[in-house]
Amino acid sequence: MHEFQYRAGRLCCEKVPVDKIVREHGSPVYVYSQRTLTEHFQRLDAALGLADRLICYAVKANSNLAVLRTLADLGSGFDIVSEGELRRVVAAGGDPGRCVFAGVGKTAREIEFALRQGIYCFNVESEPELERINKVAGRLRKTAPVAVRVNPNVDAHTHAKITTGTYENKFGIAFEQVEAVYARAAKLKHIRLRGLQMHIGSQLTELEPFEQAVRRVAPLAQRLAERYPLEFLSIGGGIGIVYQPALRSGAPEWWRKGPSRNLLTPATYAAALVPLLKPLGLRLLLEPGRYIVGNAGILVTRVEYIKRTGRKNFVIVDAAMNDLIRPAFYDAYHEIVPVRQTTSKKVSSDVVGPICESGDYFCKDRLLPVLAEGDLIALLSAGAYGSVMGSNYNSRAFPAEVMVDGAKFSLVRRRQQLEEIWRLEQLPSWCGDR
Ligand code: LLP
């Protein structure tokens, strides 16, 4: 479900024609639908049904202040992985008391900052980290709330670069070692055991790995809660979204097999997992990123050239892998649609950026409407892990970002100016003036 639809042949975000946004703010530009964000948050939150629950939106998916504020206003907590992300949450008006701090490499400085802000919990990923948190908390005369991240060793059936819950990965503490770590933690003076956490990977499109992991982890949570005053169990993020139109509108094979229990939606997710979790009597935490924001954003780009080589039809656009790296990095699929529907004629095309790398493409050999120089196209489902993974490669400026609410739209990140790219650089002291 999202709010990007055609009205009289013009692609609109909610009630705003996308080409109107480009006329005002140029291209490439990220466009976010506030209503889609809100609906996704509310749908997931309502599906959980449990009285004691907290969605901690994974800031890494899209950390624009406007996105964070929208979610904070809905009562969301936040899953953060750095001091920078915590500072963003605070800058956006979010509540540090609803933040969980994940990540395998928390520095002493980050731990100190998070403790001073009064975060809800540290998700601890190793014993040395636990010792460090205890030490920093002691120095500040504070008690640090912690949960241990358990690695349940299940295969999430997702892309190798975004699977996290097996023993091949650097994340979490091995299932078999967790109880010993809690025993150790309980002896540390400046640690308060508050919960248990897991996360098995991202872009999961099946229920089964979640179910398998929760079936492993729930009894562990039960045993730990009998011994320590635990308050919550976090089952992480990872709910996948539909990137491919064939899966959105057609009937994919696993669906044809019968109205599948395996179809991953907030409703089926909650129906499968909540009954396993409810008897624990613990607060339930979720850390979704992509599900909330993925389909709430698009990247709009303009066609600069059409280059026909005899073998290929290259559509060269003004966005590139530095703006959206997912196709280059994960072979990810993003649906590509014209901003104005002018023709039904289609041609096999490669949409590519101007960067000097063969990996700089958004799609290969895909049947797309015939495009011409100056046309605008949109890369859909670009709200999550789009802008946040951007870089200045090839000294290309970060694009503008715009948020839409109904018939209103507002700039939520201005386009970077070229001079800002090298503002932090300087010549070495031994270079003379020129
Ligand atoms: N919690 C933890 C501990 C995580 O590591 C992550 C994502 C999340 C929650 C949120 O996962 P989500 O609900 O968004 O799947 N850049 C990749 C995705 C990396 C995910 C990293 N961790 C991509 O573009 O697909």
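What this report covers is the structure whose coordinates are included nearby. (Residues numbered from 1 in each chain as written. Predicted model: local features only at pLDDT ≥ 70, side-chain atom pairs only at ≥ 80, totals over all residues. Heavy atoms only, no water.)

Considering all chains together, one arrives at 29 salt bridges under this definition. The residue Arg227 makes a salt bridge to Glu179 at a minimum N-O spacing of 2.8 Å. Taken together, the positions of Arg227 in helix H8 (residues 208-227) and Glu179 in helix H7 (residues 178-186) put the pair 48 residues apart, joining distant regions of the chain. Here Glu420 makes a salt bridge to Arg423, at a shortest N to O gap of 4.0 Å. Overall, the relative accessible area of 56% leaves Arg423 in the exposed class. (Salt bridge = Lys/Arg side-chain N within 4 Å of Asp/Glu carboxyl O. Helix = DSSP H or I, 4+ residues; strand = E, 2+ residues; numbered from the N terminus. Buried < 20%, exposed > 50% of the residue type's maximum accessible area, 1.4 Å probe, protein only.)

What follows concerns the site of the ligand. Residues in contact with the ligand amount to 18 residues; listed here are only the nearest, Ser202, Glu287, Arg326, Tyr330 and Tyr385. Between the ligand and the protein, one listed contact pairs a nitrogen atom with a side-chain N or O atom of Asp79 at 3.3 Å. Contacts to the ligand include Gly289, whose backbone N or O atom sits 2.9 Å from an oxygen atom. Protein contacts shield 92% of the accessible area of the ligand, which totals 590 Å² for the unbound molecule. The cavity where the ligand resides is the second largest pocket. Tallied by class, the residues present in the shell around the ligand amount to six nonpolar, six polar and six charged. Of the domains in this structure, domain 1 (103-286) and domain 2 (295-421) are the two that each give at least three residues to the shell around the ligand. (Near = heavy atom within 4 Å. Polar contact = N/O pair within 3.5 Å; in protein donor to acceptor, adjacent residues only side chain to side chain. Areas by Shrake-Rupley, 256 points an atom, 1.4 Å probe, with all protein chains shown as cover. 1 Å grid on protein atoms, 1.4 Å probe; cavity = no way out; pocket = protein on both sides within 12 Å on 5 of 7 lines; lining within 4 Å. Sits in = over half its atoms within 2 Å of the grid points. Nonpolar A, V, L, I, M, F, W, Y, C, P; charged D, E, K, R; others polar. Domains from an automatic or database assignment.)

A few words on the packing of H7 against H8. H8 packs onto H7 with a crossing angle of 20° between their chain directions and a minimal axis gap of 11 Å. In terms of orientation, H7 and H8 fall into the roughly parallel class. Judged by the twist between their axes, the crossing of H7 over H8 is right-handed. Mapping the contact onto sequence places Val178, Glu179 and Tyr182 in H7 and Leu220, Arg223, Leu224 and Arg227 in H8. Looking at the contact of H7 with H8, its residues break down into four nonpolar, no polar and three charged. (Axes fitted to C-alpha atoms, helices over the stretch in contact; angles between N-to-C directions. Parallel < 35°, antiparallel > 145°, perpendicular 65-115°, else oblique. Left-handed = near helix turned anticlockwise from the far one by under 90°. Contact = heavy atoms within 4.5 Å.)

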